[in-house]
Amino acid sequence: MTMIKDIERECSVCGEKSMQPTLMSTNSWGYPDLDLRPPEMQRSTMHVWIQECPNCGYVAGRLTDELEIPKDFLKSDEYLNCKGNDFKSDLSKRFYKLHMIARESGNVEKAFYGLRNCIWECDDVQDELAIEMRKRAVELASELIERNTEDKEIFILMKADFLRRSGQFDRLVEEYENITLDDENSDRVLRYQIEKAKEQDDECYTTEEIFSR
Ligand SMILES: [Zn+2]
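Read on for an overview of the structure. This structure is a prediction, so every number in the text was calculated from the model and none was measured.

### Let's talk about the overall build of the chain
No. 1: The helix and strand inventory of the chain stands at 8 helices and 4 strands.
No. 2: In sequence order, the chain lays out its α and β elements as β-β-β-β-α-α-α-α-α-α-α-α.
No. 3: Whereas a compact globule of 213 residues would reach a radius of gyration of roughly 17 Å, the chain reaches 18 Å, a difference of no more than 12%.
No. 4: Each principal axis of the C-alpha atoms in the chain carries an extent, and together these give about 50 × 35 × 30 Å.
No. 5: Across the 213 residues in the chain, those meeting the buried criterion constitute 31%.

Printed below as a string of structure tokens:
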């Protein structure tokens, strides 16, 4: 089960102390989605993956984490209004702000995961911005894939799902039809994505569809 506890955190930017929900434990049971979003109960713990200072508006995984860019950025219009993206939920806004800070700091991986979490929250509240955000996440994933790190195939799987779920079926088929992933299970997921893309299917699926066949 999920255990969440309020813990006092001191903001590294302004020094304000606030109580922040902190995840003590959780579990997941079942199959992740094709973009690797975990099943319940972990699925529903996103609100504790990020903290926001009530005084200066800084967002971070932990408010005690240092901000690596000038703090004036937190007062900029683009930060305050999420570059004009009118998200339905405050949690989407938080993740988007984390994404913006990471981009500004030059941390592409953190920027990618911030945006991915923003997308998942958009899905949960039926926010149509999820499609536009998936298109942007595709570009960040491409940058990460080019780096050829050990997580490369993970980024390919997430990119494939973002492409399909933002309706970029042809691009998905073109880029990945003739590519075989080293990890056998990952390759099965990719083959399934291509199958679905050819059917122009942009629905959400879990890996249960593949591995319980
Ligand atoms: Zn603060």
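Okay, back to it.
### Overview of helix 5 (residues 152-165)
No. 1: Look at helix 5: 20 Å from first C-alpha to last across 14 residues, which is about the 20 Å you get at 1.5 Å a residue.
No. 2: Of the residues making up helix 5, those classed as buried are F155, I156, L157, M158, K159, A160, D161, F162, L163, R164 and R165.
No. 3: In the core, the buried residues of helix 5 are packed alongside helix 3 (108-124), helix 4 (129-146), helix 6 (169-176) and helix 7 (184-198).
No. 4: Positive backbone phi, approximately 80°, marks G167, located one or two places after helix 5.

### A word on the pairing of strand 2 (residues 17-25)
No. 1: As paired strands, strand 1 (residues 3-10) and strand 2 are joined by 8 bridges and run antiparallel to one another. Residue pairing for strand 2: K5 is matched across the bridge by T22.
No. 2: Linking strand 1 to strand 2, which pair antiparallel, is a turn of 6 residues; within it G15 sits at a positive phi near 85°.

### Quick notes on the environment of L115
No. 1: Positionally, L115 belongs in helix 3.
No. 2: When the C-alpha atoms of L115 and A137 are compared, they prove to be 6.5 Å apart, with 22 residues separating the residues in sequence.

### What to know about the packing of helix 4 against helix 5
No. 1: In the contact formed by helix 4 and helix 5, the axes pass within 9 Å of each other and the chain directions differ by 155°. The orientation of helix 4 relative to helix 5 falls into the category roughly antiparallel. Note on packing geometry: the crossing formed by helix 4 with helix 5 is left-handed. The residues of helix 5 that touch helix 4, namely those facing R134, A137, V138, A141, S142, L144 and I145, are K152, F155, I156, M158, K159, F162, L163 and R165.
No. 2: A class-by-class count of the residues in the contact of helix 4 with helix 5 yields 10 nonpolar, 1 polar and 4 charged.

### A word on the environment of Q20
No. 1: Examined against the element boundaries, Q20 turns out to sit in strand 2.
No. 2: Residue classification places Q20 among the buried residues on the basis of 20 C-beta atoms within 10 Å.
No. 3: With 105 residues separating them along the chain, Q20 and V125 place their C-alpha atoms 23 Å apart.
No. 4: Non-local contacts of Q20, meaning those with residues more than four positions away in its chain, are made with D6, I7, R9, Q51 and L63.

### Some points on the packing of helix 6 against helix 7
No. 1: The geometry of helix 6 relative to helix 7 is characterised by a closest axis approach of 9 Å and an angle of 140° between their N-to-C directions. In terms of axis orientation, helix 6 runs oblique to helix 7. When the axes of helix 6 and helix 7 are compared, the crossing they make is left-handed. Where helix 6 abuts helix 7, its residues F169, L172, V173 and Y176 lie against L190, Q193, I194, A197 and K198.
No. 2: For the contact of helix 6 with helix 7, the per-class residue count stands at 7 nonpolar, 1 polar and 1 charged.

The rules behind these values
- Residues numbered from 1 in each chain as written.
- Predicted model: local features only at pLDDT ≥ 70, side-chain atom pairs only at ≥ 80, totals over all residues.
- Helix = DSSP H or I, 4+ residues; strand = E, 2+ residues; numbered from the N terminus.
- Rg over C-alpha atoms; globule rule 2.2 N^0.38 Å.
- Buried ≥ 20, exposed ≤ 12 C-beta atoms within 10 Å, placed from the backbone.
- Expected span 1.5 Å × (residues − 1).
- Contact = placed C-beta atoms within 7 Å.
- Pairing = 2+ DSSP bridges.
- Axes fitted to C-alpha atoms, helices over the stretch in contact; angles between N-to-C directions.
- Parallel < 35°, antiparallel > 145°, perpendicular 65-115°, else oblique.
- Left-handed = near helix turned anticlockwise from the far one by under 90°.
- Nonpolar A, V, L, I, M, F, W, Y, C, P; charged D, E, K, R; others polar.

Take it as geometry only, folks, not as evidence of what the structure does.
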